[in-house]
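What the coordinates show
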Amino acid sequence: MTSVLIIEDEAEIISFLKPELTYEGYEVEAASDGREGFEKIQNEKFDIVLLDIMLPGLNGIEICRRVRKFSDIPIIMLTARDQIMDRVTGLDTGANDYLTKPFAIEELLARMRSVLRTASAGSHYEKTKQFLSFKDITLNRSFGEILKGDVVIDLTKKEYQLLEFLIKNKNNVLTRDQILNAVWGYDYIGDTNVVDVYVSYLRGKLEDNAKEKYITTVRGIGFIMKENA
Ligand code: CA
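First things first, this report covers the structure right here in the doc.

Criteria and cut-off values
Residues numbered from 1 in each chain as written. Predicted model: local features only at pLDDT ≥ 70, side-chain atom pairs only at ≥ 80, totals over all residues. Heavy atoms only, no water. Helix = DSSP H or I, 4+ residues; strand = E, 2+ residues; numbered from the N terminus. Buried < 20%, exposed > 50% of the residue type's maximum accessible area, 1.4 Å probe, protein only. Donors = N, O, S within 2.8 Å, 3.2 Å for Na, K, Ca; no water. Phe/Tyr/Trp six-rings, centres within 6.5 Å; stacked < 30°, edge-to-face > 60°. Lys NZ or Arg CZ within 6 Å of the ring centre and 35° of its normal.

1. Notes on unusual backbone geometry
- For the bond from Lys101 to Pro102, the omega torsion is -5 degrees, close enough to zero to count as cis.
- Assignment of secondary structure puts Pro102 in the loop between strand S5 (97–100) and helix H5 (105–121).
- Phi angles above zero are rare outside glycine, and Lys135 is one such case at about 50 degrees.
- Within the secondary structure, Lys135 sits in the loop between strand S6 (131–134) and strand S7 (137–140).
- Residue Lys135 is classed as partly exposed on the basis of its relative accessible area, which comes to 24%.

Shown next, in the form of structure tokens:
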């Protein structure tokens, strides 16, 4: 689940955003004081921060400046309509994006997705990556969603787990046993042929109309998803 921290002193905005973001699948926390918000970023783990500028305690610009000393966490500034200078300063301070209040929820959601996508490309997020990618395939692990380019690919749970394992280990040859243990578990008692069967399902779903092969068979060993193949 993607967690979001909202630092905003206007109770109205919090009570508007909280249910909307929760409905969209985010885990939402809020702080109405700048200092409290900053401490939450220091002490807890969030995937993204929505940060108001005019705040009691510590203002948004200062929070952003301090956070950037130890974290690359995506930050979207929420600025009032007349705070053009603030938003420029905000981006200089290291915010990833800004949004002028009042905004439509769709607009905010789009910005959040975009900022999260960009952030996941950075090495800082390698360990807890929300997104995994291979060529034009993107795996959104928060939502269990696979995109090929802009198209959503419909996979079963096992197909998804298999693809996730292959992409996590891209450019490495994986044996059938390794795949079987990781995706089906050590207590799986069926035929190892199941790996080949599911690889062929994946190929069918990913490679139709595609010129390039995604999953390569390594004869006598197993499979590899090779980036430069
Ligand atoms: Ca405010």
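There's plenty left to go through after this.
2. Let's talk about the coordination of the calcium ion
- The calcium ion binds to the protein through Asp9 (OD), Asp52 (OD) and Met54 (O), with metal-donor distances spanning 2.1 to 2.3 Å.
- Look at where the donors of the calcium ion fall in the sequence and you get D-x42-D-x1-M. On the criterion of sequence distance, the pair formed by Asp9 in the loop between strand S1 (3–7) and helix H1 (11–23) and Asp52 in strand S3 (residues 48–52) is long-range, its members being 43 residues apart.
- Exposure remark for Asp9: the relative accessible area of 35% places this residue in the partly exposed category.
- Accessibility expressed as a relative area gives 3% for Asp52, which makes it buried.

3. Examining the packing of aromatic side chains
- Tallied over the entire structure, the rule returns four aromatic pairs.
- For the pair Phe134 and Tyr214, a centre-to-centre distance of 6.3 Å together with 55 degrees between the ring planes defines the contact as tilted. Remark: Tyr214 occurs in the loop between helix H8 (193–206) and strand S11 (216–218) and Phe134 occurs in strand S6; sequence separation between them is 80 residues.
- According to the relative accessible area criterion, Phe134 is buried, its value standing at 0%.
- Ring geometry for Tyr198 against Tyr201: centres 5.0 Å apart, planes inclined by 75 degrees, an arrangement best described as edge-to-face. With a gap of three residues between them, Tyr198 and Tyr201 both fall in helix H8, about one helical turn apart.
- Here the aromatic residues Trp184, Tyr198 and Tyr201 are joined through ring pairs into a cluster of three or more.
- The ring of Phe38 has Arg66 lying over it, and the distance from NZ or CZ to the ring centre is 5.9 Å.

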